[in-house]
Amino acid sequence: MRNYYLNEQCRTEYLRMLMKTLIKKYHINLSSLARGIGLSPTFINDFVSMEHRVAKTITLDRIETYLDDLYDSIITDESNANFAVIEELKNRSQEYLYEVSKKRAKKIPLDS
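Quick caveat: nothing in here was measured; it's all calculated off a predicted structure.

Enquirer: Lay out the confidence of the model for the protein in plain terms, naming residues and giving numbers.
Expert: Looking at the protein, pLDDT values average 79 and 79% of them are 70 or higher. In the model of the protein, helix 5 (residues 83-107) stands out as the element of lowest mean pLDDT, 69, in contrast to helix 2 (residues 30-37), which has the highest, 92.

As structure tokens, then:
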């Protein structure tokens, strides 16, 4: 997915935004999208409408792969159009990773 290096939460938000755009702007059928990805239409509908807070990495990978394979040129255009949003997600993802690394560093005992 464009090598943005986002954490799961930010990847979920990005994919949710992309799927909403594909459905609304490009009139992509949600059921066809779900079938192509190999997930239930109910799951995809819930995912797009934010009922699933954060998807698991394997689910995100399946969605990304399918969208990239079929809609690469559209995704490129939309990514360029939404550059500011993507940059914000990247920054939030980096902040989250920094906070996690700080917490882990505090838990590691130091040898005397």
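Enquirer: Tell me about the packing of helix 2 against helix 4 (residues 57-81), and please be specific about residues and values.
Expert: Packing of helix 2 against helix 4 leaves a shortest axis separation of 9 Å and a crossing angle of 110°. Relative to helix 4, the element helix 2 lies roughly perpendicular. Here helix 2 runs over helix 4; the crossing is right-handed. In this structure, helix 2 uses S32, L33, G36 and I37 to contact helix 4, whose residues at the interface are R62, I63, Y66, L67 and Y71.

Enquirer: Break down the packing of aromatic side chains for me, citing the residues and quoting the values.
Expert: The description of an aromatic ring pair rests on the distance of the ring centres and on the angle between the ring planes. Tallying each qualifying case throughout the model produces 1 aromatic pair. Measuring from ring centre to ring centre gives 6.3 Å for F43 and F47, while their planes differ by 20°; the resulting arrangement is stacked. Taken together, the residues F43 and F47, both in helix 3 (residues 41-48) and 4 residues apart, mark about one turn of the helix. Considered together, F43 and F47 belong to a single accessibility category, that of buried residues. Residue placement shows R16 over the ring face of F47; its charged tip is 5.1 Å from the ring centre.

The rules behind the values
Sequence order as written defines the numbering, with residues in each chain counted from 1. Totals for whole chains, interfaces and linings use all residues, but because this is a predicted model, local features are given only for residues with pLDDT of at least 70 and pairs of side-chain atoms are given and counted only at 80 or more. Here the side-chain values reflect all heavy atoms present in the structure, with hydrogen atoms and water set aside. Each residue carries a pLDDT score, the predictor's confidence in it, ranging from 0 to 100. What counts as a helix is a DSSP run of H or I of at least four residues, what counts as a strand is a run of E of at least two, and both are numbered from the N terminus. Geometry is summarised by axes, namely lines fitted to C-alpha atoms with helices restricted to the contacting stretch, and by angles between N-to-C directions that run from 0 to 180 degrees. Each angle receives one of four descriptions, namely roughly parallel if under 35 degrees, roughly antiparallel if over 145, roughly perpendicular if within 65 to 115, and oblique otherwise. Whether a crossing is left-handed or right-handed is set by the direction in which the near helix is turned from the far one by less than a right angle, anticlockwise for left-handed and clockwise for right-handed. Any two residues having at least one pair of non-hydrogen atoms within 4.5 Å are treated as being in contact. Each aromatic pair joins two rings of Phe, Tyr and Trp (for Trp, the six-membered one) with centres within 6.5 Å, and gets the label stacked for planes under 30 degrees apart, edge-to-face for over 60, and tilted for any other angle. In this scheme, a residue with accessible area under 20% of its type's maximum is buried, one over 50% is exposed, and one in between is partly exposed, where area comes from a 1.4 Å probe on protein chains only. Both a distance and an angle decide whether a charge sits over a ring: NZ of Lys or CZ of Arg must be within 6 Å of the ring centre and within 35 degrees of the ring normal.

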